[in-house]
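# Fold and geometry: a report
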Amino acid sequence: MSDSETDGCSLRSNNLPPDIIADVLSRLPVNSLYRFKCVSPSWNSLISSPYFAQTHFNRTHTNNPNKHILLHNIVLQSITQDLYTVDLTADVPFATKLDLPSLQPPEAKVLGSCNGLLLFCRTGRSNFFLLNPSTRECKKLPSLPFVLNPGHGFYSCLYGVGYDSSTDDYKVVMLSYYDESDPESESESYALSDTTTVAVYSLKTNAWRRIQDTQYIHWGMTFGAYFNACLHWVCRREGSYLIVAFDLADEVFREVSLPASWAEADDEIRKFELEVVGGCLCLVYTIYMPMPSRNRQIEVWTMEESGVGEPWTKIMTDIDGIRPLDLLGLLAENEFVLTAKVQILPGVTDDKLVVYNHQTGTLTDIVVRGIPTKFSFWGTYVESLLPCLS
């Protein structure tokens, strides 16, 4: 039987119009849809179309808030540079090796995540990729056609990837600056002439643009958290900490205040990390006290949306018995997934995936079959068919 005959037979046997079939298929998981591509040429064409990919994403994530905000899939990297995906919501979580022959070994670092797409850098600052772990589709971004900053000194960059709904486009943002101060110095002062160069990549045009420079100097993190149509970083300006949000539609920066209870202290070393957890912007804040105490305090704050008044809520402080490494996301209400060093014997720790319930204070190991003995957290993603090659 020819493909056309198979196609017509499959559709007639269902006695359903194409729009009903499309509606039903848009509710299914990605793995099932990939198998159903073999049903007929028309199904393959439908499931492979960008319009269906966006419809499927809206159906399974945007229009399903609980599924959209909860953590489902993570990527881990073994000490041999192999990548593994894990569905944490499975009855028996299993680590599946991510087979990317063209990128072996990855030797890469994730720089951001948005709508199922991961931005990562393999080697060097100009070698960037977009990856959809669900479809195994990977795209190498073009090199920057311009010099970001012609200055001299310590070169530093930060990155982010997000979705611009006004143009239906995915954008990668790269910020860079040269710090004219001595990188070996403990001073945190910056010359007034220092500026951060801003470059924006568009997936639609497959090209980079340089836009207006900014005076913000980033602090302690390399990737931006995509939240409320903006990319967020912790920065410094004129000696003060703050969060800046880059609006992907207007391509302008806006300031977001840190928790009002925080006070500057010259005898503290601070580390900031921004994540999107449970549909909220989440700030992981670590204070390292100076020698000889070497004490450390960790706080986790969340913000549902910025506005008038104090938008921040503290939800977590130091957890007895573990040293959190990464805050991955929210598995269920009040249950945070962490990678952590857990003390198993006096003076002996082990790296684990754990769930911490901040209401009850309980800590539970996540048992994942096939997980590498030694691993590091690489990134999180949501399942989607969204293409990164268009």
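Residues numbered from 1 in each chain as written. Predicted model: local features only at pLDDT ≥ 70, side-chain atom pairs only at ≥ 80, totals over all residues. Heavy atoms only, no water.

## Quick notes on the overall build of the chain
- Summing up its helical and strand segments, the chain has six helices and 25 strands in all.
- Of all 390 residues assigned to the chain, the portion counted as buried reaches 46%.
- Working note: accessible area of the chain is about 19,400 Å², and carbon and sulfur atoms make up 51% of it. (Helix = DSSP H or I, 4+ residues; strand = E, 2+ residues; numbered from the N terminus. Buried < 20%, exposed > 50% of the residue type's maximum accessible area, 1.4 Å probe, protein only. Areas by Shrake-Rupley, 256 points an atom, 1.4 Å probe, with all protein chains shown as cover.)

## Examining the packing of helix H2 (residues 18-25) against helix H4 (residues 41-48)
- Running from amino to carboxyl end, H2 crosses H4 at an angle of 55 degrees, the nearest separation of the two axes being 11 Å. Regarding the angle of H2 to H4, the classification is oblique. Two packed elements cross with a definite hand, and for H2 against H4 that hand is right-handed. Taking contact as the criterion, the partners of Ile21, Ala22 and Leu25 in H2 are, on H4, Trp43, Leu46 and Ile47.
- Residue composition of the contact of H2 with H4, grouped by class: six nonpolar, no polar and no charged. (Axes fitted to C-alpha atoms, helices over the stretch in contact; angles between N-to-C directions. Parallel < 35°, antiparallel > 145°, perpendicular 65-115°, else oblique. Left-handed = near helix turned anticlockwise from the far one by under 90°. Contact = heavy atoms within 4.5 Å. Nonpolar A, V, L, I, M, F, W, Y, C, P; charged D, E, K, R; others polar.)

## Considerations on the environment of valine 30
- With respect to the helices, strands and loops of the structure, valine 30 is situated in helix H3 (residues 30-36).
- Placed 354 residues apart in sequence, valine 30 and serine 384 show a C-alpha to C-alpha distance of 6.6 Å.
- In contact with valine 30, other than residues within four places in its own chain, are His56, Ser134, Glu383, Ser384 and Leu385.

## Observations concerning the environment of asparagine 127
- You can see asparagine 127 is positioned in the loop between strand S5 (117-121) and strand S6 (128-132).
- Classification of asparagine 127 by relative accessible area gives buried; the value is 16%.
- For asparagine 127 and leucine 144, which are 17 residues apart along the polypeptide, the C-alpha to C-alpha distance reads 9.5 Å.
- Not counting residues up to four positions away in its chain, the partners in contact with asparagine 127 are Phe120, Cys121, Arg122 and Lys140.

## Quick look at the nonpolar core
- One finds Leu119, Phe128, Leu130, Val172 and Trp208 to be the most contacted residues of the largest nonpolar core, which totals 33 residues.
- Residue contributions to this core peak at four residues, all from strand S8 (residues 154-164).
- In contact with leucine 130, not counting residues within four places along its chain, are Leu118, Leu119, Glu137, Cys138, Lys139, Leu141, Val161, Val172, Leu203 and Cys388.
- Of all hydrophobic cores here, the second largest spans 18 residues; its members include Phe227, Val234, Tyr241 and Trp312. (Core = buried A, V, L, I, M, F, W, Y, C linked by side-chain atoms within 4.5 Å.)

## Observations regarding the sheet that holds strand S1 (residues 73-78)
- Pairing is antiparallel in the open sheet, where four strands are placed in the order S3-S2-S1-S25. One side of each edge strand has no neighbouring strand; the edge strands of this open sheet are strand S3 (95-97) and strand S25 (375-381). Neighbour-to-neighbour, the strand axes of the sheet open up by a mean angle of 30 degrees, direction not taken into account.
- Relative to S25, S1 runs antiparallel, the two being bridged by six bridges. Within S25, the position partnered with isoleucine 74 by the bridge is threonine 380. (Pairing = 2+ DSSP bridges.)

## Focus on the confidence of the model for the chain
- Per-chain confidence: the chain averages 77 in pLDDT, with 73% of residues scoring 70 or above.
- Under a pLDDT of 50 for its full length, residues 1-13 has, in the predicted model, twelve contacts with residues more than four places off or in other chains.
- Scored below 50 in pLDDT, residues 181-193 shows eleven contacts in the model against residues more than four places distant or in partner chains. (pLDDT = per-residue confidence, 0-100.)

## A closer look at the pattern of salt bridges
- Enumeration according to the criterion identifies ten salt bridges in this entry.
- Note that glutamate 251 is salt-bridged to arginine 209, the shortest N-O span being 2.6 Å. Placement of glutamate 251 in the loop between strand S15 (240-247) and strand S16 (252-256) and of arginine 209 in strand S11 (residues 207-214) is noted, with a sequence separation of 42 residues between them.
- Taken together, the shared-partner salt bridges in this structure form one network comprising Asp164, Lys171, Arg209 and Glu251. (Salt bridge = Lys/Arg side-chain N within 4 Å of Asp/Glu carboxyl O.)

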